[in-house]
Amino acid sequence: MTGVADLVPYLAGALFAGGIAVGLSRRREHMLRWCAWAVGGPVVVAALYVGPGGAAALAASAGVACALEYGGLAGLSRLDRAALAIAVPVAPVTAWVAPDHLPQVLALTLVAIAMVPVLAGDAAGGLSRLCSGVLGVIWFAPLAGVVLLGPQVLALFAAVSIADITASVGGRSLGGPALSRLSPSKHWSGLLAGTVTGLGTLAVLGAFTPAWAVAVAVGAPLGDLLESMVKRGVEAKGSASWLAGAGGLLDRLDSLLLVLVLALALG
């Protein structure tokens, strides 16, 4: 894999094949999810084609959307949501303009978000607000990987997206033992199907390495279960409802976030 443009024919082919698969499934949920990726895919490609600045803008925008969805999910106040929406884009922007200082800036961002309830003098709910805010910054900080990994991150986007759709279709079709009590609708059969197609996508795109294989095979399902745990904790089915058939953006990026962590750590 040499660049974004080289991947476009492969991605178009994968999108076409995915469209046939979801069409055969005849499930409205899968069709709407495929439509969301059909619209979002070109946006991601265009942003990455621009270069690091485009990648930073893409990651920062996604971070703001996820932060606001998470704030609503966690029942945070307007002040806490605003603070989180300001804090989350700091990581991808820093990865673009000053990558060598990313650890220091991220540490300062965590301190700043922790100080919001402290400075507000919230004795009753301060601890809960602090934990929710810090979790939000840590959870979405991996979006900096969209900038740090460069054009190759597109292969991870593709692998995770295809694995996600395949796992959903495969799990519903094949059934079998549930994957976790956190998400009873997911099955081990879906995990296996998603892993195979995800790793196959990496291979086709010339991005298969042991590190990235582990990132996709382990990070994608665990990232999904992490969000399921958060949603179950607040008794919600989705992070939002504005994305037709897909809930919210966080529902679509939950797997990718942990994949980015492992890709950066292991690669």
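Because the structure is a prediction, the values reported are computed rather than measured.

A. View of the overall build of the protein chain. The helix and strand inventory of the protein chain stands at twelve helices and two strands. Secondary structure of the protein chain in N-to-C order comes out as α-α-α-α-α-α-α-α-α-β-β-α-α-α. Compactness check: the protein chain gives a C-alpha radius of gyration of 18 Å against a globular reference of 18 Å for 267 residues, within 12% of the reference. Projected onto the principal axes, the alpha-carbon positions of the protein chain cover approximately 55 × 40 × 30 Å. When each of the 267 residues of the protein chain is scored for burial, the buried share is 48%. Averaged over its 14 positive side-chain charges, the protein chain has a centre that lies 11 Å from the centre of its 12 negative ones.

B. Quick peek at the pattern of salt bridges. By the definition in use, this model includes six salt bridges. The salt bridge involving Arg129 is made with Asp122; its shortest N-O contact spans 2.9 Å. Notably, a salt bridge pairs Arg252 with Asp164, separated by 3.4 Å at the nearest N-O pair. One end of the pair, Arg252, is in helix α12 (residues 249-266); the other, Asp164, is in helix α9 (residues 153-174), and 88 residues separate them in sequence. Counted as one network, the salt bridges with shared partners bring together Asp80, Asp122 and Arg129.

C. Up close: the packing of helix α11 (residues 210-233) against α12. Contact geometry for α11 and α12: axes closest at 7 Å, N-to-C directions at 140 degrees. It follows from the interaxial angle that α11 and α12 lie oblique. Regarding α11 and α12, the two cross each other, and that crossing is right-handed. Residues that form the contact of α11 with α12 fall into these classes: 14 nonpolar, three polar and five charged.

D. Quick peek at a nonpolar patch on the surface. Nonpolar side chains collect at one region of the surface, where Val111, Met115, Val118 and Leu119 lie side by side and expose about 390 Å² of accessible area between them. With respect to the helices, strands and loops of the structure, Leu119 is situated in helix α6 (residues 102-119).

E. Highlighting the pairing of strand β2 (residues 183-187). The sheet contact formed by strand β1 (residues 178-180) and β2 spans two bridges and is antiparallel. When the bridges of β2 are listed, Ser180 appears paired with Ser183. Between β1 and β2, which pair antiparallel and follow one another directly, the connecting turn spans two residues.

F. Local environment of the packing of α6 against helix α7 (residues 126-140). For the pair α6 and α7, the least separation of the axes is 8 Å and the interaxial angle reads 155 degrees. As summarised for this structure, α6 and α7 are arranged roughly antiparallel, according to the angle between their axes. Crossing of α6 over α7 shows right-handed handedness. Counted together, Leu106, Thr109, Leu110, Ile113, Ala114, Val116 and Pro117 of α6 and Gly126, Arg129, Leu130, Gly133, Val134, Val137 and Ile138 of α7 form the full contact between these two elements. Residue composition of the contact of α6 with α7, by class: ten nonpolar, three polar and one charged.

G. Molecular detail of the environment of Gly223. Mapped onto the elements of the fold, Gly223 is located in helix α11. Sequence separation between Gly223 and Cys66 is 157 residues, and the spatial gap between their C-alpha atoms is 14 Å. In this structure Gly223 touches Asp254, Ser255 and Leu258, once residues within four positions along its chain are discounted.

What counts, and where the lines are drawn
Residues numbered from 1 in each chain as written. Predicted model: local features only at pLDDT ≥ 70, side-chain atom pairs only at ≥ 80, totals over all residues. Heavy atoms only, no water. Helix = DSSP H or I, 4+ residues; strand = E, 2+ residues; numbered from the N terminus. Rg over C-alpha atoms; globule rule 2.2 N^0.38 Å. Buried < 20%, exposed > 50% of the residue type's maximum accessible area, 1.4 Å probe, protein only. Lys, Arg positive; Asp, Glu negative; His and termini not counted. Charge placed at Lys NZ, Arg CZ, Asp CG, Glu CD. Salt bridge = Lys/Arg side-chain N within 4 Å of Asp/Glu carboxyl O. Axes fitted to C-alpha atoms, helices over the stretch in contact; angles between N-to-C directions. Parallel < 35°, antiparallel > 145°, perpendicular 65-115°, else oblique. Left-handed = near helix turned anticlockwise from the far one by under 90°. Nonpolar A, V, L, I, M, F, W, Y, C, P; charged D, E, K, R; others polar. Patch = residues over 30% accessible without salt bridge, like charges linked within 9 Å, V, L, I, M, F, W, Y side chains within 5 Å. Areas by Shrake-Rupley, 256 points an atom, 1.4 Å probe, with all protein chains shown as cover. Pairing = 2+ DSSP bridges. Contact = heavy atoms within 4.5 Å.

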